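Residue-level structure breakdown
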Amino acid sequence: MRLSILDQVPLTEHATTVRDALSSGLQLAQDAEALGYHRIWFAEHHHSKSFASAAPEMMTALALERTSRIRVGTGAILLPYYQAQKVIEAMGLLAAVHPDRVDIGVGRAALSDPYYAQKITALVQDLDAVHEASGTEPAGRVWVLGAGGSSAPLPGTLGAGYVHGHFLRPAGGEPATRAYREAAASAGHAAHTVLAVRFATADTDEKAQALANALLLWRVRKDLGHDGPIPSTATAANYEWSAQERARATERSHALIVGTPEKVRDELLALAQSHGADELMLNTLVSDPADRLEAYRLLAESFNA
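Residues numbered from 1 in each chain as written. Predicted model: local features only at pLDDT ≥ 70, side-chain atom pairs only at ≥ 80, totals over all residues. Heavy atoms only, no water.

**A short note on the environment of Phe 51**
Under the convention used in this document: The helix count covers DSSP runs of H or I at least four residues long, the strand count covers runs of E at least two residues long, and both are numbered beginning at the N terminus. For each residue, the accessible area found with a 1.4 Å probe, counting protein chains only, is set against the maximum for its type, and the residue is called buried under 20%, exposed over 50%, and partly exposed in between. Residues are treated as being in contact if the distance between any of their heavy atoms lies within 4.5 Å.
The residue Phe 51 is located in the loop between β2 (39–42) and α2 (56–66) in this model. For Phe 51, a relative accessible area of 6% puts it in the buried group. The spacing of Phe 51 and Ala 21 is 30 residues in sequence and 8.1 Å in space, taken between C-alpha atoms. When near neighbours in sequence (up to four residues on either side) are disregarded, Phe 51 contacts Gln 8, Val 9, Pro 10, Leu 11, His 45, Trp 218 and Leu 285.

**Quick notes on the pairing of strand β1 (residues 2–7)**
Worth spelling out the cut-off: Whether two strands pair depends on DSSP finding at least two bridges between them. A crossover counts as right-handed when, viewed with the strands pointing away from the observer, the path leading from the first strand over the helix to the second turns clockwise.
Along β1, 5 of the 6 residues are buried, which leaves the element largely enclosed by surrounding structure. Where β1 lies against strand β9 (residues 279–283), 4 bridges are found, and the strand directions are parallel. Looking at β9, one finds that Ile 5 is bridged to Leu 282. Sheet topology places β1 next to β2; 3 bridges connect them, and they run parallel. Bridging across to β2, Ile 5 finds its partner in Ile 40. Following the backbone out of β1, through helix α1 (residues 18–35) and into the adjacent parallel β2, one traces a crossover that is right-handed.

**Focus: the nonpolar core**
What counts, and what does not: By nonpolar core is meant a set of buried Ala, Val, Leu, Ile, Met, Phe, Trp, Tyr and Cys residues that side-chain atoms within 4.5 Å join together.
The biggest cluster of nonpolar side chains holds 54 residues, and the ones touching the most others in it are Tyr 37, Leu 268, Leu 280 and Leu 282. If near-sequence neighbours (up to four positions away) are discounted, Tyr 37 is found in contact with Leu 3, Ser 4, Ile 5, Ala 32, Ile 70, Leu 282, Tyr 296, Leu 299 and Ala 300. Membership of the second largest hydrophobic core comes to 20 residues, among which are Ala 212, Ala 214, Trp 241 and Val 258.

**Let's talk about the pairing of strand β5 (residues 142–146)**
Summarising burial for β5: 4 of the 5 residues are buried, a large majority. Pairing geometry for strand β4 (residues 102–107) and β5, over 3 bridges, is parallel. What sits directly across from Val 106, in β5, is Val 144. Relative to strand β6 (residues 161–165), β5 runs parallel, the two sharing 4 bridges. Note on β6: the bridge partner recorded for Leu 145 is Val 163. Once the chain exits β5 it traverses helix α5 (residues 153–158) before rejoining the sheet at β6, and the crossover so formed is right-handed.

**So, helix α4 (residues 116–128)**
Put simply, the rule reads: Each helix should span, by expectation, one fewer than its residue count multiplied by 1.5 Å. The arc in question is the one spanned by the directions pointing from the helix axis to the C-beta atoms.
The end-to-end C-alpha distance of α4, which contains 13 residues, comes to 18 Å, matching closely the 18 Å that a straight helix rising 1.5 Å per residue would cover. Turning to α4, its buried residues are Tyr 116, Lys 119, Ile 120, Leu 123, Val 124 and Leu 127. In an axial view of α4, the angular spread of the buried residues amounts to 135°, which keeps them on one side of the axis. For α4, exposure combined with an orientation more than 90 degrees from the buried face picks out Gln 118 and Gln 125.

**Remarks on the packing of aromatic side chains**
Selection rule: Here is the rule: rings of Phe, Tyr and Trp (six-membered ring for Trp) pair when centre to centre is within 6.5 Å. Planes less than 30 degrees apart are stacked, more than 60 are edge-to-face, and the remainder are tilted.
By the definition in use, this model includes 7 aromatic pairs. With a centroid separation of 5.8 Å and an interplanar angle of 85°, the aromatic rings of Tyr 37 and Tyr 296 are classed as edge-to-face. Placement of Tyr 37 in the loop between α1 and β2 and of Tyr 296 in helix α11 (residues 289–304) is noted, with a sequence separation of 259 residues between them. For Tyr 37, a relative accessible area of 4% gives the class buried. Ring geometry for Phe 199 and Tyr 296: centres 5.6 Å apart, planes at 70°, overall edge-to-face. Within this pair, whereas Phe 199 is found in strand β7 (residues 193–201), its partner Tyr 296 is found in helix α11, the two being separated by 97 residues in sequence. Each member of the pair, Phe 199 as well as Tyr 296, is classed as buried. Chaining the aromatic ring pairs together yields one cluster made of Tyr 37, Phe 199 and Tyr 296.

**Some details on the environment of Ala 243**
Take Ala 243: it is sitting in helix α9 (residues 243–252). Here Ala 243 falls in the exposed class, since its relative accessible area comes to 66%. Along the chain, Ala 243 and Thr 157 lie 86 residues apart, while their C-alpha atoms are 46 Å from each other.

As structure tokens, this is what we get:
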């Protein structure tokens, strides 16, 4: 099972400034390479008090210069904001400098774009000409990210990859990934299915749960209109949760895999099997970069054991 990382470049109680968060994200790319992860992608968020990366193509360029082997990409460029040609030229430039290490992940979040399918088609067709044929990576190195399922068949018909955001919507992913694989088979393309999952792990259940509680505190407060940095475990432990926040946390916990590395590994493998995924893209949001690195290290070791 291939393991990869989705980094949202979080602002936290430990990384309080945009510069701190960006520096931490670029260091994570180097650490991920050393730990043997297959790829690392950077997300796109605008006007956020939780995340620092508004330009994942720039993070990709900076991370490529600091690494030598790991694949690096966008997860995802929010395509409704851009003309397809601009994305093709920017990512094609990076691919020319770093041959076959650049991934182009695109999505639309909740944005509306009547030309979305046309843009993805243009990306695949134009960028496929930049890359040599590969049996392990999709056409054009283009990946479409989705959570609702409506966008899943399109990349299958084009030979692009599909990434399903389990951490955004934990229920209903199996029909989406199945629709993608069926569309790929009908069009004569190989399927490249990735499942993006959020987790919290540590060497003990107690610490893993403490990390999860801090993550859930951030998530439920964001849901309720209080956007802000990822809190520390100490802040979460001393926080007086309202009944509404506790109820919301219970609901949000279904999108989070928590426990020791072995427990998390087993649950991840079960999810990958049920979704027909051949790769897991992992995401954890913790305040302390040392805890984050330790989580990725422990999980990589559990898969290699």
